[in-house]
Amino acid sequence: MGAIETVGLTKRYPRVTALDELDVSVGDGVTGLVGANGAGKSTLIKILLGLIPATSGTASVLGHDVATDGRAIRSLVGYMPEHDCLPADVSASDLVVHMGQMSGLPYNSARERASDVLRHVGLAEERYRPMGGYSTGMKQRAKLAQALVHDPELVLLDEPTNGLDPSSRDDMLALVRKIGTEFGIAVLVTSHLLGELERISDHVVVLDSGRLLRSEATTEFTHATGVLLVEVQGPTDADRQLGQALVGAGLQAWPAGKMIEVQVVDETTCDVVRDLTVDLGLGLVRMQERHHRIEDVFREGGAGSVQPV
Amino acid sequence: MSSPSDALPPHAQPSGVIHDIGYRPYSGPRLGDGAVAWSLFVTGLRNCYGLGRSGRSKILPMILIGLMILPALILVGVLVQARQVLGLDSHIVAYSVYPLTTQLLISVFVAAQAPALISRDLRFGTITLYLARPASRTTYVLVRMASLTVATFLLIAAPLLVMYVGGLLADLPPGRETERFLQALVGALLLAACLAGLAALVSAMTTRRGLAVAAVIVVLLVSFTVVSSIQGVSLETGNDTTGEVAGLFSPYTLTQGVQVLLFDSPRATPTPPEGGTMTLIYLAATALTILGSLGAMLRRYRQVA
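Residues numbered from 1 in each chain as written. Chains lettered and ligands numbered in written order. Predicted model: local features only at pLDDT ≥ 70, side-chain atom pairs only at ≥ 80, totals over all residues. Heavy atoms only, no water.

1. Focus on the overall build of chain B
Okay, so step 1: Broken down by element type, chain B carries twelve helices and zero strands.
Okay, so step 2: Computed over its C-alpha atoms, the radius of gyration of chain B comes to 25 Å, more than 25% above the 19 Å expected for a compact globule of 305 residues.
Okay, so step 3: With respect to the three principal axes, the spread of C-alpha positions in chain B is 95 × 50 × 35 Å.
Okay, so step 4: Evaluated residue by residue, chain B yields a buried proportion of 49% over its 305 residues.
Okay, so step 5: Within chain B, counting contacts between residues at least 6 apart in sequence, those at least 24 apart form 74% of the total.
Okay, so step 6: Carbon and sulfur atoms form 67% of the exposed surface of chain B, whose accessible area is close to 14,100 Å².
Okay, so step 7: If you average the places of the 20 positive and of the 13 negative side-chain charges in chain B, the two averages end up 17 Å apart. (Helix = DSSP H or I, 4+ residues; strand = E, 2+ residues; numbered from the N terminus. Rg over C-alpha atoms; globule rule 2.2 N^0.38 Å. Buried < 20%, exposed > 50% of the residue type's maximum accessible area, 1.4 Å probe, protein only. Contact = heavy atoms within 4.5 Å. Areas by Shrake-Rupley, 256 points an atom, 1.4 Å probe, with all protein chains shown as cover. Lys, Arg positive; Asp, Glu negative; His and termini not counted. Charge placed at Lys NZ, Arg CZ, Asp CG, Glu CD.)

So this is what it looks like as structure tokens:
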């Protein structure tokens, strides 16, 4: 039984169709939900929390129907909203304790849990300061802490890396990965940055204008393409020389920027590349298998509005 | 995982070692909706007096409650000390009149705290966090209004309690005093509910706190001033009915009128309402104010996503 199952889920607003016949299944571990702004990510999350009704179709979260059992879902799920949601004159510690109580934890347990999760997200002494003076990184951590305080079985993280600098971004991604693996909490994390999800997700769901573009394990997206990427060093036209030599040897080869891509025929292809490079007196800098990246899905799928990393 | 170093002899081990015990799942009890609502209520009530908020937010409510109680203390002091000299056999200012006398302080309190409780959640988007938790939005709205009502009630009732205790100390008849005190508490509760309802509704219309404060002040003070003026003019011109009807349009004169009609409390307005029809109209207006603002609040929050 997956954490999230939707069948023919549709949400229509008077002028737009936010979700269109969506069939998605999300299991344990970290699942990335990718899509451009307006692709329907936030709408999907709101429906999953039972906050807005779907126009048609069904969805279940942790075995509960979103249409009838929203309360049960909301007690088992943690939600980190995309937008700012922290009161400025309250400390992170007080807010997280309060939110724990709002999820039904007794006061003392809520305090204990709050102190635990604030440590996990990396808020130290600053947790006692009013959140109005927090940096974006600290705010994101506080938002994540309140989503975890009641030990949910599933967390929905809406753009957790929004507005973070590169090093905080790495920290946040590592934390999200940790939640899905070490903490044993299923994670659905949205982003419009594909590279991020490639790094941390076990599974990726791609939405485009409310339609499901693809839903596969991350490894499927990044499978080997049967193409060798070769970089050589030498005179200015070294790459061209090698390319012509490769074509002369009966291989399919084409330039890729300053490098050359070679179609792998069999296990001798690498040897041929190496020998030709030596024969031409060039230095072989790199020879690697080229992998797909998730952004290729968008190129192929025609959803050009997504910004690859 | 870190652990205290084994190499060190026991007495040299640092005492403050932090053990990373990893993530611990929670297996304790999870309380039901009642407990959640209660905890939201208590937090809201505390927040109204600045407790659990920044030090600065405590100043205004504490000053206001001090200013509310101070006149009551003075009145009680005068009553206890000079009862024989002045020949007093009841309070100098009646319980039911006290809130009307201190209406400015009450209005300022409600105007400052309603936006702090209501607009704040909308402005900072904290409402999203509440909606993503088990409690429904109806519960949220009802509990928030209950917190504000009770906070306002405490502000109005505190000086009444001081007067009641002082009255007993001054040997006023205990039975009569208890009856009047309890009647005034009913009036205070109705007033608190009306004020909280109106202020909450105004605050829920805007995410700008300053705007909400100003709007609530204007609604409460202007309505009271206009009503008082109309009542004064109608008394002068002998057109009492106009004044009685005008009394419906300010929470202070409305709930004062209800007390006059139901409990025959002392009159504090130039044209107090009289008669069975007016009783019905005043009660209906009170119910309409309280339930109407509740209904409007629920409607307003249905649009919050």
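2. Digging into helix 1 (residues 41-48) of chain A
Note that an α-helix has 3.6 residues per turn; residues three or four places apart therefore point the same way.
Okay, so step 1: Counting buried positions over the eight residues of helix 1 of chain A gives six, a clear majority of the element.
Okay, so step 2: Of all the positions in helix 1 of chain A, only A:Lys41, A:Thr43, A:Leu44, A:Ile45, A:Ile47 and A:Leu48 are classed as buried.

3. A short note on the packing of aromatic side chains
All names here are of chain B.
Okay, so step 1: All chains considered together, the criterion is met by eight aromatic pairs over all chains.
Okay, so step 2: Between tyrosine 164 and phenylalanine 181 the ring centres are 4.4 Å apart and the planes differ by 5°, which places this aromatic pair in the stacked class. One end of the pair, tyrosine 164, is in helix 7 (residues 137-169); the other, phenylalanine 181, is in helix 8 (residues 174-204), and 17 residues separate them in sequence. Here tyrosine 164 matches phenylalanine 181 in class, with each residue buried. (Phe/Tyr/Trp six-rings, centres within 6.5 Å; stacked < 30°, edge-to-face > 60°.)

4. Looking at unusual backbone geometry
Residue and element names in this part refer to chain A.
Okay, so step 1: One non-glycine residue, leucine 62, lies in positive phi territory at about 50°.
Okay, so step 2: Relative to the helices and strands, leucine 62 is located in the loop between strand 4 (56-61) and strand 5 (64-65).
Okay, so step 3: The residue aspartate 151 is not glycine, and still its phi comes out positive at about 50°.
Okay, so step 4: Here aspartate 151 lies in the loop between helix 5 (136-148) and strand 7 (154-158).

5. Looking at the side chain of B:Ser250
Okay, so step 1: The residue B:Ser250 is located in the loop between helix 10 (240-246) and helix 11 (251-263) in this model.
Okay, so step 2: Note on B:Ser250: relative accessible area 1%, which makes it buried.

6. Examining the pattern of salt bridges
Residues and elements named next belong to chain A.
Okay, so step 1: Here the structure, examined in full by the defined rule, presents 19 salt bridges over all chains.
Okay, so step 2: Its salt-bridge partner being arginine 141, residue aspartate 171 comes within 3.5 Å of it at the nearest N-O pair. Of this pair, aspartate 171 sits in helix 6 (residues 166-181) while arginine 141 sits in helix 5, placing them 30 residues apart in sequence.
Okay, so step 3: The partner of glutamate 231 in a salt bridge is arginine 286, with the nearest N and O atoms 3.2 Å apart. Of the two residues, glutamate 231 is situated in strand 11 (residues 224-233) and arginine 286 in strand 14 (residues 283-291); the sequence distance between them amounts to 55 residues.
Okay, so step 4: For glutamate 231, a relative accessible area of 23% corresponds to the partly exposed category. (Salt bridge = Lys/Arg side-chain N within 4 Å of Asp/Glu carboxyl O.)

7. A word on helix 6 of chain A
All names here are of chain A.
Okay, so step 1: If you check helix 6, its first and last C-alpha atoms are 23 Å apart, about what 16 residues at 1.5 Å a residue would give, namely 22 Å.
Okay, so step 2: Those residues of helix 6 lying buried are Ser168, Met172, Leu173, Leu175, Val176, Ile179 and Gly180. One side of helix 6 holds all its buried residues, which, seen down the axis, span an arc of 160°. (Expected span 1.5 Å × (residues − 1). Arc of directions from axis to C-beta.)

8. Focus: the nonpolar core
Okay, so step 1: Formed by 138 residues in total, the largest nonpolar core has its most connected members in A:Leu144, A:Leu156, B:Met297 and B:Tyr301.
Okay, so step 2: Ranked by the residues each element gives to this core, the list is headed by helix 7 of chain B, at 14 residues.
Okay, so step 3: Membership of the second largest hydrophobic core comes to twelve residues, among which are A:Ala238, A:Leu246, A:Leu251 and A:Leu276. (Core = buried A, V, L, I, M, F, W, Y, C linked by side-chain atoms within 4.5 Å.)

9. What about the packing of helix 4 (residues 103-117) of chain B against helix 8 of chain B?
Packed helices, taken two at a time, are described by the angle their axes make and the gap between the axes.
All names here are of chain B.
Okay, so step 1: Running from N to C, helix 4 and helix 8 point in directions that differ by 45°, and their axes come no closer than 9 Å. Between helix 4 and helix 8, the interaxial angle falls into the category oblique. Helix 8 is crossed by helix 4, and the crossing has right-handed handedness. Across the interface between the two elements, Ile106, Val110, Ala114 and Pro115 from helix 4 touch Leu195, Ala199, Ala200 and Ser203 from helix 8.
Okay, so step 2: Residues that form the contact of helix 4 with helix 8 fall into these classes: seven nonpolar, one polar and no charged. (Axes fitted to C-alpha atoms, helices over the stretch in contact; angles between N-to-C directions. Parallel < 35°, antiparallel > 145°, perpendicular 65-115°, else oblique. Left-handed = near helix turned anticlockwise from the far one by under 90°. Nonpolar A, V, L, I, M, F, W, Y, C, P; charged D, E, K, R; others polar.)

10. What to know about the state of the cysteines
Residue and element names in this part refer to chain B.
Okay, so step 1: Taken as a whole and judged by the stated rule, the model has zero disulfides over all chains.
Okay, so step 2: Unpaired in terms of disulfides, cysteine 194 finds its nearest cysteine sulfur in cysteine 48, a separation of 17 Å.
Okay, so step 3: Note on cysteine 194: relative accessible area 0%, which makes it buried. (Disulfide = S-S within 2.5 Å.)

11. Comments concerning the pairing of strand 3 (residues 30-34) of chain A
Residue and element names in this part refer to chain A.
Okay, so step 1: Most of strand 3 is tucked away, with five of its five residues classed as buried.
Okay, so step 2: By the alternation rule, side chains of strand 3 split into Val30, Gly32 and Val34 and Thr31 and Leu33, which are all buried.
Okay, so step 3: Bridging between strand 3 and strand 8 (residues 186-191) involves five bridges; their strand directions are parallel. Opposite valine 34, over in strand 8, you have serine 191 as the bridge partner.
Okay, so step 4: The pairing of strand 3 with strand 9 (residues 203-208) spans four bridges and is parallel. Along strand 9, the bridge assignment pairs threonine 31 with histidine 203. (Pairing = 2+ DSSP bridges.)

12. Some details on the pairing of strand 6 (residues 77-80) of chain A
Residue and element names in this part refer to chain A.
Okay, so step 1: On strand 6, burial covers both faces: Val77 and Tyr79 on one face and Gly78 and Met80 on the other are all buried.
Okay, so step 2: Note: strand 6 against strand 7, four bridges, orientation parallel. Counted as the bridge partner of valine 77 is leucine 154 from strand 7.

13. A closer look at the layout of surface pockets
A water-sized probe, rolled over the atoms, reveals where empty space remains.
Okay, so step 1: The calculated volume of the largest pocket comes to roughly 560 Å³.
Okay, so step 2: Forming the walls of the largest pocket are 29 residues, and the residues nearest its centre are A:Asp94, A:Val97, A:His98, A:Gln101 and A:Tyr107.
Okay, so step 3: For the lining of the largest pocket, the secondary-structure elements that each account for two or more residues are helix 3 (92-102) and helix 4 (107-121) of chain A together with helix 1 (33-48), helix 5 (119-123) and helix 6 (126-131) of chain B.
Okay, so step 4: A per-element tally of the lining of the largest pocket places helix 3 of chain A first, with seven residues.
Okay, so step 5: For the lining of the largest pocket, the per-class residue count stands at 13 nonpolar, nine polar and seven charged. (1 Å grid on protein atoms, 1.4 Å probe; cavity = no way out; pocket = protein on both sides within 12 Å on 5 of 7 lines; lining within 4 Å. Points joined across faces, edges and corners; volume = space filled by probe spheres on them.)

14. Description of a nonpolar patch on the surface
All names here are of chain B.
Okay, so step 1: The grouping of Ile59, Ile63, Leu67, Leu70, Leu73, Ile74, Val78, Val85, Leu86 and Ile92 at the surface amounts to a nonpolar patch, some 920 Å² of accessible area in total.
Okay, so step 2: One can find valine 78 in helix 2 (residues 55-86).
Okay, so step 3: Given the relative accessible area of 33%, valine 78 is considered partly exposed. (Patch = residues over 30% accessible without salt bridge, like charges linked within 9 Å, V, L, I, M, F, W, Y side chains within 5 Å.)

15. Observations concerning the domain arrangement of chain A
Okay, so step 1: Segmentation of chain A into domains returns domain 1 (4-221) and domain 2 (224-291).
Okay, so step 2: Its C-alpha centre places domain 1 of chain A at a distance of 44 Å from the equivalent point of domain 2 of chain A. (Domains from an automatic or database assignment.)

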